[in-house]
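One-letter residues, chain by chain:
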Amino acid sequence: MTTLATQTKPKLISLTTTGTWVGQASTDITAGEFNFRVSEPTGLGGNNSGPNPFQYLIGAFEGCIAVVIETVAAERGYEIDGVDIEITGTLDLRGFEGVEGVSPHFQTVIGSVKITADLDIEQFGVLVNETERRCPIYNLIKDAGVTPQIEWSIEKNTK
């Protein structure tokens, strides 16, 4: 079993993106070799030409969960057949609008993760605990004071 838990020296990486505002509450982003647009819906002054920042954050959270599940499973020798994730973040737009005392970040983050695999209950518990412990975006949201409420389930592979 390969594990990163024994590393004692920092393994720091820096990630850089560039953004160019294109008007109408929209920004074109370059991240390495990828380009994408972040935009707001028309109701918030945008032109709805791309997902809004919170949609990207939720999508990134889902992607992060999946990557950590895959990583932990590989380290432990677990075979994963599928992962389905649905996350909903709720925010109070008054924070964005500048209302004093209302946080502009998510108020709640609720979701579900369904893993298809032939794991016993102990293996499944390890996978869930390690994923929540090691997922950077899970912990970023949690450190903002909003602990994600994720319902984890496992479905045995019927192949």
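Residues numbered from 1 in each chain as written. Predicted model: local features only at pLDDT ≥ 70, side-chain atom pairs only at ≥ 80, totals over all residues. Heavy atoms only, no water.

K.L.:
Where do I start with the overall build of the protein in this structure?
P.N.:
Scanning the protein from N- to C-terminus turns up four helices and six strands. Its helices and strands taken in sequence order, the protein reads β-β-β-α-β-α-β-α-α-β from the N to the C terminus. Across its three principal axes, the protein shows a C-alpha extent of roughly 50 × 35 × 30 Å. Expressed as a percentage of its 159 residues, the buried residues of the protein come to 28%. Considering only contacts within the protein whose residues lie at least 6 apart along the sequence, 54% involve residues at least 24 apart. Of the side-chain charges in the protein, 11 are positive and 21 negative, and the distance between the mean point of each set is 7 Å. (Helix = DSSP H or I, 4+ residues; strand = E, 2+ residues; numbered from the N terminus. Buried < 20%, exposed > 50% of the residue type's maximum accessible area, 1.4 Å probe, protein only. Contact = heavy atoms within 4.5 Å. Lys, Arg positive; Asp, Glu negative; His and termini not counted. Charge placed at Lys NZ, Arg CZ, Asp CG, Glu CD.)

K.L.:
Mind showing me how you'd approach the side chain of Glu 40 here?
P.N.:
Counting through the fold element by element, Glu 40 comes out in the loop between strand S3 (34-39) and helix H1 (53-76). Despite its burial, Glu 40 pairs with no opposite charge; the closest candidate is Arg 37, at 12 Å N-O. The residues contacting Glu 40, other than those within four sequence positions of it, are Ala 25, Gly 46, Asn 47, Asn 48, Asn 52 and Pro 53. (Salt bridge = Lys/Arg side-chain N within 4 Å of Asp/Glu carboxyl O.)

K.L.:
Any chance you could explain the packing of aromatic side chains here in plain terms?
P.N.:
Aromatic ring pairs are described here by two measures, namely the spacing of the ring centres and the angle between the planes. Enumeration over the complete set of coordinates arrives at three aromatic pairs. For the ring pair Phe 36 and Tyr 56, a centre distance of 4.9 Å and an interplane angle of 45 degrees mean the geometry is tilted. You can see Phe 36 sitting in strand S3 and its partner Tyr 56 sitting in helix H1, a full 20 residues away along the chain. Looking at Phe 36, the relative accessible area reads 30%, which means it is partly exposed. By relative accessible area, Tyr 56 is classed as partly exposed at 27%. A centroid spacing of 6.3 Å and a plane angle of 45 degrees characterise the contact between Phe 61 and Tyr 138, whose relative ring orientation is tilted. Pair noted here: Phe 61 is in helix H1 and Tyr 138 is in helix H4 (residues 136-143), with a separation of 77 residues, a long-range link. A single burial state applies to Phe 61 and to Tyr 138, both of which are buried. (Phe/Tyr/Trp six-rings, centres within 6.5 Å; stacked < 30°, edge-to-face > 60°.)

K.L.:
What is the right way to read unusual backbone geometry from this model?
P.N.:
Outside of glycine, negative phi angles account for most residues, and trans bonds account for most peptide bonds. One non-glycine residue, Gln 24, lies in positive phi territory at about 50 degrees. Structurally, Gln 24 is set in the loop between strand S1 (18-23) and strand S2 (26-31). Positive phi outside glycine occurs at Asn 48, with the angle close to 55 degrees. Mapping Asn 48 onto the fold places it in the loop between S3 and H1.

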